[in-house]
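An overview of the molecular structure
Here is what each chain is made of, one letter per residue.
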Amino acid sequence: MSERQKIFFPENIKFLRARKRLSQDSLAQHLDMTRVKLNALESGKTRNPSLEDLVKFSEFFRISIDSLLKADLSRLLELQLRELEAGNDTFMMGTKLRVLP
């Protein structure tokens, strides 16, 4: 049996909010949700965020849902975060990729 994949969503949204220097109140307003709901998502109290919420965070932070869920964004370099925001997450798949003609 395979080991269960760690989900980084709560940590990532808190990290990204802090990176943009937003309060919970202001981010909640941008995402059209209550601060209480955002706090529950950030603290991991909401075990299964809705698809709509995942899309809201993905669009607001311009980072794929896959990266929001699976990658520990706090361990990435600033350049890598900017690449993610630009829609380039190929480095997330591995560092030994080769492009063949």
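For the structure given in this document, a descriptive report is provided here. It should be emphasised that the depicted structure is a prediction, and the values quoted were computed from it without experimental measurement.

In this section: the pattern of salt bridges. Inspection of the entire model under this criterion finds eight salt bridges. One salt bridge in this structure joins R19 and E78, with 2.6 Å as the shortest N-O distance. You can see R19 sitting in helix α1 (residues 9-19) and its partner E78 sitting in helix α6 (residues 78-85), a full 59 residues away along the chain. When its relative accessible area of 22% is taken as the criterion, R19 is described as partly exposed. For E78, the salt bridge goes to R82, with nearest N and O atoms at 3.4 Å. Highlighted residues: E78 and R82, both in helix α6, separated by four residues, approximately one helical turn. Here R82 falls in the exposed class, since its relative accessible area comes to 53%. Taken together, the shared-partner salt bridges in this structure form one network comprising R19, E78, R82 and E85.

Bringing the packing of aromatic side chains into the picture now. Overall, the coordinates contain three aromatic pairs when judged by the stated rule. Relative to F61, the ring of F57 has its centre 6.4 Å away and its plane inclined at 10 degrees; by these criteria the two rings are stacked. Separated by four residues within a single helix, F57 and F61 lie in helix α4 (residues 51-61), roughly one turn from each other. For F61, a relative accessible area of 1% puts it in the buried group. With 5.0 Å between their ring centres and 85 degrees between their planes, F60 and F61 make a pair best called edge-to-face. Members of the aromatic cluster, joined through ring pairs, are F9, F57, F60 and F61.

Scoring rules and cut-offs
- Residues numbered from 1 in each chain as written.
- Predicted model: local features only at pLDDT ≥ 70, side-chain atom pairs only at ≥ 80, totals over all residues.
- Heavy atoms only, no water.
- Salt bridge = Lys/Arg side-chain N within 4 Å of Asp/Glu carboxyl O.
- Helix = DSSP H or I, 4+ residues; strand = E, 2+ residues; numbered from the N terminus.
- Buried < 20%, exposed > 50% of the residue type's maximum accessible area, 1.4 Å probe, protein only.
- Phe/Tyr/Trp six-rings, centres within 6.5 Å; stacked < 30°, edge-to-face > 60°.

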